[in-house]
Amino acid sequence: MREIPGSGRPRGAAGSPLAGRVAVVTGAARGVGAALARRLSDAGMMVALIGREEATLRKAADSLPGRSLCVETDVTDRDALARAAHEISETLGQASVVVANAGIATGGPFVHTPADLWQRVIDVNLTGSANTARAFLPHLTHTRGYFLQIASTAAFGSSPLMSAYCASKAGVESFALALRGEVEPDGVGVGIAYLHWTGTDMITGIDDHPVLQALRRNQPRFARKVHSTAEVSAWLTSGITRRARHIYAPPWLRWCQPLRPAFPALVSRLARQELRRHPPSGLTVKTGVLGAGGQADLDAHLAATHPTPPERP
């Protein structure tokens, strides 16, 4: 854990309702998490960044204008998250905003995806979100704060070759909806953010898969646009400020909600067409974790669970 003092309250933050409060963002070493941490710091919040890549996490925290704290923590480790919550409370104060953003993805046919890798995606994305809520709900109950669950349009219609990711994102949506009903009487708000194509390192991996590339190609032109993490973090920060129940990134996604029953059949039809064009052998080669962040998590997890045996003398 490392505290970054910052350079005082950023200019323009004085009128923000978030100013002076504490935010926690998981998966904050890179991508959307790092960009959101920056936006919240610009709004005058003290930000605790949680992630797996200590050096990258520290670099993200060092770039923030306000006071911050970086904690290298695995969201699948309940005890470590509980310790992080205590340390954040002691150093910055109790959190008013908690963003469950940590997530990884794997691509490739289900039958060729190692079971441990498939399970790791579920553990990080779904169980990790629940662990985050469990660790920080005492904070949010005390501050009558706001919990934001990062979901995805993968919850709208599951894509072939990404079964673990889609299952986890449908799961976190359901989890957040259930949690909302439990904690709203205590004054805690729960929001769900639906992200579409976002310019993270995960997108590069997705475009390597011919079927997933085709699914994107078959979307309307406006729906194919890849939005920068700066754009997405701005939409998220606006929703956090309003304690929104739903945040759509990009905003036009809200009009897709009534059409959700039609999406699974449409995605399946497009997938069948593309799968006929590509031999199974070509798809098997693409199996694996997507993006540098996902690889970093997997490497750290494997190092912790399968330590290298000592060399023999």
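Before reading on, note that the structure itself is shown above.
It should be emphasised that the depicted structure is a prediction, and the values quoted were computed from it without experimental measurement.

Enquirer: Would you mind showing me how to read unusual backbone geometry here?
Expert: In most cases, non-glycine residues show a negative phi, while peptide bonds are predominantly trans. Cis geometry is found at the peptide bond from Ala249 to Pro250, where omega equals 10°. Here Pro250 is to be found in the loop between strand E9 (246–249) and helix H10 (263–277). Notably, Arg144 is not glycine yet its phi reads approximately 50°, a positive angle. Looking at the secondary structure, you find Arg144 in the loop between helix H4 (115–143) and strand E7 (146–152).

Enquirer: Would you mind going over the pairing of strand E4 (residues 68–72) with me for this structure?
Expert: A regular strand places its side chains on the two faces of the sheet in alternate fashion. When you tally the buried positions in E4, you get four out of five residues, the bulk of the element. With five bridges connecting them, strand E3 (residues 46–51) and E4 associate as parallel partners. Within E4, the residue paired with Leu49 across the bridge is Cys70.

Enquirer: It is not clear to me how the packing of aromatic side chains should be interpreted in this structure. Could you clarify?
Expert: Two measures describe an aromatic ring pair: the distance that separates the ring centres and the angle between the ring planes. Following the criterion strictly, the structure yields three aromatic pairs and no others. With centroids separated by 5.9 Å and ring planes inclined at 80°, the aromatic side chains of Phe110 and Trp118 adopt a geometry described as edge-to-face. Judged by relative accessible area, which is 53%, Phe110 ranks as exposed. Taking relative accessible area as the criterion, Trp118 reaches 22% and is therefore assigned partly exposed.

Enquirer: When you look at the packing of helix H3 (residues 78–91) against H4 in this model, what are you seeing that I'm missing?
Expert: Helix-helix packing is described using two parameters, namely the angle between the two axes and the distance between the axes. Closest axis-to-axis distance for the H3/H4 pair is 9 Å, and the angle between their directions is 30°. Taken as axis vectors, H3 and H4 run roughly parallel relative to one another. The two elements H3 and H4 meet at a crossing, and its hand is right-handed. On the side of H3, the interface is formed by Arg78, Leu81, Ala82, Ala85, Ile88 and Ser89, while H4 contributes Asn131, Thr132, Ala135, Phe136 and His139.

Enquirer: How should the nonpolar core be read in this particular structure?
Expert: Here is a general trend for soluble globular proteins: nonpolar side chains tend to be buried in one another's company. Val24, Ile50, Ile88, Val98, Phe136, Phe147 and Leu179 are the most contacted members of the largest nonpolar core, which has 41 residues in total. Among the elements that line this core, the one with the most residues is H4, at seven residues. Phe136 has contacts with Val24, Ile50, Leu81, Ala85, Ile88 and Val98, leaving out every residue within four places of it along the chain. By size, the runner-up hydrophobic cluster in this structure holds 32 residues, among which are Ala29, Ala43, Met45 and Ala193.

Enquirer: How do you make sense of the pattern of salt bridges when you look at a structure like this?
Expert: Opposite charge on two side chains makes pairing possible when the charged atoms of those side chains draw close. Throughout the structure, instances matching the rule amount to eight salt bridges. Arg30 serves as the salt-bridge partner of Glu53, at 2.7 Å between the closest nitrogen and oxygen. Residue Glu53 is located in the loop between E3 and helix H2 (54–62), and its partner Arg30 is located in the loop between strand E2 (22–26) and helix H1 (31–42); the two are separated by 23 residues in the primary sequence. The class for Arg30 is partly exposed, based on a relative accessible area of 30%. Where Asp42 meets Arg38, a salt bridge forms, and the shortest distance between an N and an O atom there is 3.4 Å. Of this pair, Asp42 and Arg38 both sit in helix H1, four residues apart, which is roughly one turn of that helix. In this structure Arg38 comes out as partly exposed when scored by relative accessible area, which is 36%. When salt bridges that share partners are traced, they join Arg52, Glu72, Asp74 and Arg120 into one network.

Enquirer: I would appreciate a short explanation of helix H5 (residues 163–183) in the present structure.
Expert: Structurally, the α-helix is built with 3.6 residues per turn, so residues lying three or four positions apart point the same way. In this model H5 runs 30 Å from its N-terminal to its C-terminal C-alpha over 21 residues, within 8% of the 30 Å that 1.5 Å per residue would give. Buried within H5 are the following residues: Ala164, Tyr165, Cys166, Ser168, Lys169, Gly171, Val172, Glu173, Ala176, Leu179, Arg180 and Val183.

Enquirer: Can you walk me through the environment of Ile104 in this structure?
Expert: On the secondary structure map, Ile104 appears in the loop between strand E5 (97–100) and strand E6 (106–107). Of the residues examined, Ile104 reaches a relative accessible area of 4% and is grouped as buried. Between the C-alpha atom of Ile104 and that of Ile122, which follows or precedes it by 18 residues, the distance is 8.9 Å. Excluding anything up to four places from it in sequence, Ile104 contacts Arg120, Val121, Val124, Asn125, Tyr165, Met202, Gly294 and Asp297.

Enquirer: In this structure, what is going on with the packing of H1 against helix H9 (residues 229–242)? I would like to understand it.
Expert: Following both chains from N to C, one finds H1 and H9 inclined at 55°, their axes separated by 8 Å at the closest point. On the basis of the axis angle, H1 is oblique to H9. Like other packed secondary-structure pairs, H1 and H9 cross with a definite hand, here right-handed. For the pair H1 and H9, the contacting residues are Gly31, Val32, Ala35, Leu36, Arg39 and Leu40 in the first and Thr229, Ala230, Val232, Ser233, Ala234, Leu236, Thr237 and Ile240 in the second. A breakdown of the residues in the contact of H1 with H9 according to their chemical character gives nine nonpolar, four polar and one charged.

Rules used in this analysis
- Residues numbered from 1 in each chain as written.
- Predicted model: local features only at pLDDT ≥ 70, side-chain atom pairs only at ≥ 80, totals over all residues.
- Heavy atoms only, no water.
- Helix = DSSP H or I, 4+ residues; strand = E, 2+ residues; numbered from the N terminus.
- Buried < 20%, exposed > 50% of the residue type's maximum accessible area, 1.4 Å probe, protein only.
- Pairing = 2+ DSSP bridges.
- Phe/Tyr/Trp six-rings, centres within 6.5 Å; stacked < 30°, edge-to-face > 60°.
- Axes fitted to C-alpha atoms, helices over the stretch in contact; angles between N-to-C directions.
- Parallel < 35°, antiparallel > 145°, perpendicular 65-115°, else oblique.
- Left-handed = near helix turned anticlockwise from the far one by under 90°.
- Contact = heavy atoms within 4.5 Å.
- Core = buried A, V, L, I, M, F, W, Y, C linked by side-chain atoms within 4.5 Å.
- Salt bridge = Lys/Arg side-chain N within 4 Å of Asp/Glu carboxyl O.
- Expected span 1.5 Å × (residues − 1).
- Nonpolar A, V, L, I, M, F, W, Y, C, P; charged D, E, K, R; others polar.

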